[in-house]
Amino acid sequence: MGRTVEPVSDYPPPGMEVRLFQRHVDLAGKRILEIGCGDGRLTREIAPLAASIVAVEPDPARVADATRLTADAGITNVRFRVGSAQDLRSSAEPFDVALFSWSL
Amino acid sequence: MKRNGHVILVQPHQQRRPDVAIATRTSRHPVAALINPVFQPLIDNAVASIRTVVDERRFTPVSTSNHQFRVQLPNTHQMDAYFRGGIRPPRFPPGGRRRLHEMWKARAEGAQIEITEHMTLVVMKAGPAD
């Protein structure tokens, strides 16, 4: 399971988390809410499976990075928002899966 | 959230912080288990919150599993950069960094610094058990 990272990152290797998720929850065709998406690293791994993703992150700079990187990847089923989980309490959008990834 | 929808949480392991070792293709020498007193209350609170929503029957546990992954870094500078990349980086316990530098000076050819990270995956389903 070893790897060399460049640039260094304290996140799991690409694909590892999605493989683990899929053992328990089929993400295919699901509407997903991701809380604490950061620069969209995991968002972009999930996007090919999901019907749609709303990805929330409190840091506007990271949302800007996420938006740019995701557009560069040609991904179109993701909407990024600046905010936190509390901001979504009144949201009427029904999600199939809520994902909190490294968002402590 | 839809009824019977799922919540997935990926987070650092509640007790285990990163382990540092010096490794080659054929050997692995543990250096230290890092500590993170700043981070610990946060992960403890997160675990307590999960327990609360389960106790209140707002969510039903599906699975909790622990996993690890390893990162190899070429030198101590890269190791420091790796940890500084986190919001609340861990640190060595007393004497740990000195031990690292002593072991690093005496390393075998081709050795790298190997970080083992520990994570927990929690999956819950919305609502009480059927």
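Residues numbered from 1 in each chain as written. Chains lettered and ligands numbered in written order. Predicted model: local features only at pLDDT ≥ 70, side-chain atom pairs only at ≥ 80, totals over all residues.

**Focus: the nonpolar core**
I32, I53, A55 and V97 of chain A together with I8 of chain B are the most contacted members of the largest nonpolar core, which has 34 residues in total. Among the secondary structure elements, those contributing two or more residues to this core are β1 (31-35), α2 (41-46), β2 (52-57), α3 (60-72), β3 (78-82) and β4 (97-101) of chain A together with β1 (6-12) and β5 (112-126) of chain B. In contact with V97 of chain A, not counting residues within four places along its chain, are V25, L27, K30 and I32 of chain A together with G5, H6 and I8 of chain B. Counting 12 residues, the second largest nonpolar core, distinct from the first, contains A32, V71, L73 and I113 of chain B. (Core = buried A, V, L, I, M, F, W, Y, C linked by C-beta atoms within 7 Å. Buried ≥ 20, exposed ≤ 12 C-beta atoms within 10 Å, placed from the backbone. Helix = DSSP H or I, 4+ residues; strand = E, 2+ residues; numbered from the N terminus. Contact = placed C-beta atoms within 7 Å.)

**Examining the interface of chain B and chain A**
One frequent convention defines the size of an interface as the accessible area lost when the parts assemble. Counting from both sides, the interface comprises 29 residues of chain B and, opposite them, 26 residues of chain A. If one sorts the elements of the side of chain B that touches chain A by residue count, strand β4 (residues 59-73) of chain B sits on top with 8 residues. For the side of chain B that touches chain A, the class distribution of residues is 17 nonpolar, 9 polar and 3 charged. Pairing of β4 of chain A with β1 of chain B involves 5 bridges; the strand directions are parallel. Paired with F100 of chain A across the two strands is L9 of chain B, which belongs to β1 of chain B. (Nonpolar A, V, L, I, M, F, W, Y, C, P; charged D, E, K, R; others polar. Pairing = 2+ DSSP bridges.)

Function cannot be inferred from these measures alone, as they are strictly geometric.
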